[in-house]
Every structure is written in structure tokens, then in C-alpha cells.
Amino acid sequence: MTLVLTPTLRANDAGELLIGAEVSPLMMIPPQYKKLTYPGYCFPECTNEAFPPGGIHVFSAFLHSHLLGRAIRLFVIRSDGSRELLVADENYDFNFQFNKPLKEEVILYRGDSLMLQCDYNSKDRSKFTFGGEATNDEMCLADLSYYPKIPLAFCGSHPDAQDYLWMIEAEEISGEWPYLDLNPTIIKPRDYENTRLKTAVDDYLVEEFASNRAKADYQKFLLQEANVLNACYKSDLSDYPSSWIKRTIPSYSTWPNASKSRRNCSRK
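Below, the structure is looked at part by part. The shown structure was predicted, so the numbers you read here are calculated from the model rather than taken from an experiment.

1. Remarks on the overall build of the protein
No. 1: Check the secondary structure of the protein and you find four helices and 15 strands.
No. 2: Projecting the C-alpha coordinates of the protein onto the three principal axes gives extents of approximately 65 × 40 × 35 Å.
No. 3: At a minimum sequence separation of 6, the contacts of the protein that also span at least 24 residues come to 76%.
No. 4: Accessible surface for the protein amounts to roughly 13,500 Å². Of this, 49% is attributable to carbon and sulfur atoms.
No. 5: Computing the positive centroid from 29 side-chain charges and the negative centroid from 36, the protein places the two 8 Å apart.

2. Quick notes on the sheet that holds strand β7 (residues 99–108)
No. 1: Strand order in the open sheet formed by seven strands is β7-β4-β10-β1-β11-β14-β15, with mixed pairing between adjacent strands. Pairing within the sheet leaves two strands with one partner each, and these edge strands are β7 and β15 (246–248). With direction set aside, neighbouring strand axes in the sheet form an average angle of 25°.
No. 2: As judged from the six bridges shared by strand β4 (residues 56–64) and β7, these two strands associate in the antiparallel manner. Directly across from Phe 62, in β7, lies its bridge partner Asn 99.

3. Structural notes on the nonpolar core
No. 1: The biggest cluster of nonpolar side chains holds 70 residues, and the ones touching the most others in it are Leu 152 and Tyr 218.
No. 2: Ignoring anything within four residues of it in the chain, the contact list for Leu 152 reads Glu 16, Leu 17, Cys 46, Ala 50, Phe 51, Tyr 146, Cys 232, Tyr 233, Lys 234 and Tyr 240.

4. As for the side chain of Ser 145
No. 1: Among the secondary structure elements, Ser 145 is positioned in strand β10 (residues 140–147).
No. 2: If near-sequence neighbours (up to four positions away) are discounted, Ser 145 is found in contact with Gly 15, Glu 16, His 57, Val 58, Phe 59 and Ser 60.

5. Considerations on the sheet that holds strand β8 (residues 113–120)
No. 1: Strand order in the open sheet formed by four strands is β3-β8-β5-β6, with antiparallel pairing between adjacent strands. The sheet terminates laterally at β3 (36–42) and β6 (83–89), the two strands that pair on one side only. In this sheet, neighbouring strand axes are inclined to one another by 20° on average, regardless of whether the strands run parallel or antiparallel.
No. 2: Relative to β8, β3 runs antiparallel, the two sharing seven bridges. Considered in β8, the bridge of Pro 39 is made with Gln 117.

6. Quick word on helix α3 (residues 197–205)
No. 1: Regarding α3, the residues found buried are Leu 197, Lys 198, Ala 200, Val 201, Asp 202 and Leu 205.
No. 2: Where α3 is buried, its residues touch β2 (28–29), β9 (129–130), α2 (161–165) and β13 (186–188).

7. Topic: the state of the cysteines
No. 1: Under the definition given, this model contains three disulfides.
No. 2: The disulfide partner of Cys 42 is Cys 155, and the gap between their sulfur atoms is 1.9 Å. Disulfide Cys 42-Cys 155: the torsion about the S-S bond is 90°, which places it as right-handed. Of this pair, Cys 42 sits in strand β3 while Cys 155 is found in strand β11 (residues 152–159), placing the two residues 113 residues apart along the sequence. The residues Cys 42 and Cys 155 share a single accessibility class, namely buried.

8. Some details on the environment of Ser 174
No. 1: Along the chain, Ser 174 falls in the loop between β12 (172–173) and β13.
No. 2: The class for Ser 174 is buried, based on a relative accessible area of 16%.
No. 3: Along the sequence, Ser 174 and Arg 196 sit 22 residues apart, while their C-alpha atoms lie 9.5 Å from each other.

Calculation rules
Residues numbered from 1 in each chain as written. Predicted model: local features only at pLDDT ≥ 70, side-chain atom pairs only at ≥ 80, totals over all residues. Heavy atoms only, no water. Helix = DSSP H or I, 4+ residues; strand = E, 2+ residues; numbered from the N terminus. Contact = heavy atoms within 4.5 Å. Areas by Shrake-Rupley, 256 points an atom, 1.4 Å probe, with all protein chains shown as cover. Lys, Arg positive; Asp, Glu negative; His and termini not counted. Charge placed at Lys NZ, Arg CZ, Asp CG, Glu CD. Pairing = 2+ DSSP bridges. Axes fitted to C-alpha atoms, helices over the stretch in contact; angles between N-to-C directions. Core = buried A, V, L, I, M, F, W, Y, C linked by side-chain atoms within 4.5 Å. Buried < 20%, exposed > 50% of the residue type's maximum accessible area, 1.4 Å probe, protein only. Disulfide = S-S within 2.5 Å.

Printed below as a string of C-alpha cells:
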């Protein structure tokens, strides 16, 4: 590694921007999937609020999931509805992660959206895998390097709790919403009182997801039916006004042949 010092400051400071799915115990990956695609979204409400008038210039990307990850794709959806594949790794390996410089800088503008897709293989798991910080948990994130630096630190989406709690007939969990513990306790109903969320999900849902029909229904739910919350906050963890607004799944999440694109900006 070579460290170069200069007394002349560059015209712009570079920044790092996380895109994707908020790390949450409500990110649930059932066992025995050969392929499950999990989405994360950066909505135009956030880019409208946070981006400068001239947009931001992205020059590299670091794609990240954990041991179940097999492929990751990041799309840009322009305000006119057109799309570009910003970067992708169709042979993702947790043990070989690296920063991917783009062939050329890509400008993201106010009103643009981004969609991150992570493909997981859980055939070797007998229980659910949840979003979390441990290696055996999962994540679906992309870290973009860009300039000029702005206060925005994270633009992504968070699962809507009610979409998931009904699956185990739970009504309320511990923690100050939406900042949940990574394994919250069920508060209501009384039958589940003081039971950890992950324990209840494994006890109640593992057998429910044994059939191919249930697996297909859950994939459809993730890509077409689930509600998500817009997560948009600064490096000091303060929220932008558009944060935590409930959103329906965008129609572009179900593009056919999503791994194919008119443009691939990553350097091979």
C-alpha cells in the first residue's frame, strides 16, 4: 500500500453511502431454499431530500452479505423509469469480498431509486436465518464510494413488523420501533409472552415452510406483497423527514431476468 500526501486539497471530499436492507431480526430467511431473492430499496423520497442538485458521482461499490449469499445485484432506477445495473456479483463468496471499481463514474440524481437484490442458498440450514451482525446471520448491503460527500449515511428499507408478526400470531415485540433489538421478546399475546422472536419463528414456521408451495409464496411475498419502511438517515443517526414512511413494494422488483441488464458498470 502506498500513502500519498499532498498540501493541496482535492476539489471534493469522498463519502461512503450504504444501500440496501436495514439489518433487522425481521429479515427472515427460511431454511432449505436453493435460491431466495431478498430485496432492499433506496426510495426517491430519500434521494430527493439528501442529494445535492448535481447529484453524487459513484466510483466504486462494495457488495456485502454473509455465508448464505450467492449473488448480489444493485440497480439504479431513474426518475423516468429507465434502469441500469450499477454493479453485480453473480458468484458471490463471503470469503472473497472486495471493492469493485466502476468502469466509469455513475451519477445518481435527485429522484433516482436504487434496488439491491441478494440471492441466498439456505439448503444446509435447518432453522431460520435472521438479519444480524454475526457471520451466521445475514445482511444485504452495498457500500458506495462517491463524491461530493453529503450527510446521508444510509438509504434503504426496513421490513414492516406487522407483515411478519402475523405469521406467528404475535401482536407486539419489545424495543422502540423501528430500532429493534436483534432478538426482541414477544410481549403480546400472552401465550408467547417473554418468548424470543427467533425461537417463536423456528418453533412455529419451520414446518410451515417445508413445502415448495410455501417457499414460492414467501418469495412472491418478498418481491410483490410485503410493505417496507423508508429508512433514510445521516451519519449522526438523525433521520431525514421521509424516514419510516410505509411503502408498498415497487413494481420494478419483479423484473424478469433481473440479473441481465442493458448496462453493467463494474470492472471485470
